Amino acid sequence: MEVGILSMRYAKAIIEYAQEKGLEDRLYQEFLTLSHSFCEQPGLREALDNPVITTKEKLALVCTAADGDGKSTREFVQFITLVLRNRREGYLQFISLMYLDLYRKLKHIGVGKLITAVPVNKETEDRIRSAAAHILHAQMELETVIDPSIEGGFIFDINDYRLDASVATQLKRVKQQFIDKNRRIV
């Protein structure tokens, strides 16, 4: 079965169940943390794919990745147990990402990423978040990333759009214009 279809089925099932129980917000936090854990720790996915590790150990590993030292919700543990029992642990990262997408659509939450060369103060970050929320008519989750390689300016990703006002990109454009002009001369 295709990864996207399978992941969407599991994600839809858990979000509908969570809505019935009124726990979609708590599960969102757990899946968000789990998703970040998959990104930050590539060994997590390898451990889940390892057939030598028992289901009980995998469950403990996923719960720790989702909640740290905190206590996982009973519904989250039951869902992960179901995924592990059906031998779908290889899809868990995709299931968590699908849950995040479904939750954001359900709650009208936009996702933005601001990349700058230097840290941005809280006031500027709040202004950007509120302006984007006003334009999208939705709440905004804004992630800020510091990347000195852009040399200045900013790159703003919002949902599927990108506004690139970085110095590095502007320099590349000027360089390309010079190359194009020189080709015409020669």
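You'll find the protein chain entered in an unreviewed UniProt entry as ATP synthase subunit delta, with Parabacteroides distasonis given as the organism. Quoted verbatim from the Sequence similarities (unreviewed entry) heading of the UniProt record, the comment on the protein chain is "Belongs to the ATPase delta chain family."

J.: Explain the environment of R129 here, please?
T.: Mapped onto the elements, R129 comes out in helix α7 (residues 122-136). Between the C-alpha atom of R129 and that of L142, which follows or precedes it by 13 residues, the distance is 6.4 Å. Leaving out residues up to four positions away in the same chain, R129 has contacts with K122, M140 and L142.

J.: Can you help me understand the domain arrangement of the protein chain in this one?
T.: Accessible area lost when the parts come together is the quantity often used to give the size of an interface. Looking at the assigned domains, one finds that the protein chain contains domain 1 (1-106) and domain 2 (108-182). Taken over C-alpha atoms, the centre of domain 1 sits 30 Å from the centre of domain 2. At the junction of the two partners, domain 1 supplies 5 residues and domain 2 supplies 4 residues. Taking both partners together, domain 1 and domain 2 bury about 390 Å²; carbon and sulfur atoms supply 42% of that area. Looking only at domain 1, the three residues that lose the most surface to domain 2 are Y28, R104 and L106, adding up to 76% of its buried area. Where domain 1 packs against domain 2, one counts 1 salt bridge.

J.: Looking at this model, I keep getting lost on the side chain of S72. Mind explaining?
T.: Among the secondary structure elements, S72 is positioned in the loop between α4 (55-67) and α5 (74-85). Exposure remark for S72: the relative accessible area of 11% places this residue in the buried category. A polar side-chain atom of S72 sits 2.5 Å from a polar atom in the side chain of D67. Not counting residues within four places of it along the chain, the set of residues in contact with S72 comprises R26, E30, C63, D67 and V77.

J.: Hey, could you run me through the pattern of salt bridges in this one?
T.: Oppositely charged side chains can pair when the atoms bearing their charge come close. Scanning the entire structure with this criterion turns up 13 salt bridges. Two residues, K107 and E24, come together in a salt bridge whose shortest N-O distance is 3.2 Å. Taken as a pair, K107 in helix α6 (residues 92-107) and E24 in helix α2 (residues 24-40) lie far apart in primary sequence, 83 residues in all. Under the relative-accessibility criterion, K107 is labelled partly exposed at 30%. E24 sits in the buried class, given a relative accessible area of 11%. The partner of R129 in a salt bridge is E125, and the shortest N-O contact between them spans 3.3 Å. Separated by 4 residues within a single helix, R129 and E125 lie in helix α7, roughly one turn from each other.

Thresholds, definitions, all that
Residues numbered from 1 in each chain as written. Predicted model: local features only at pLDDT ≥ 70, side-chain atom pairs only at ≥ 80, totals over all residues. Heavy atoms only, no water. UniProt positions renumbered as here; feature names shortened; annotations may be inferred. Helix = DSSP H or I, 4+ residues; strand = E, 2+ residues; numbered from the N terminus. Contact = heavy atoms within 4.5 Å. Domains from an automatic or database assignment. Buried area = accessible area lost by both parts, 1.4 Å probe. Salt bridge = Lys/Arg side-chain N within 4 Å of Asp/Glu carboxyl O. Buried < 20%, exposed > 50% of the residue type's maximum accessible area, 1.4 Å probe, protein only. Polar contact = N/O pair within 3.5 Å; in protein donor to acceptor, adjacent residues only side chain to side chain.

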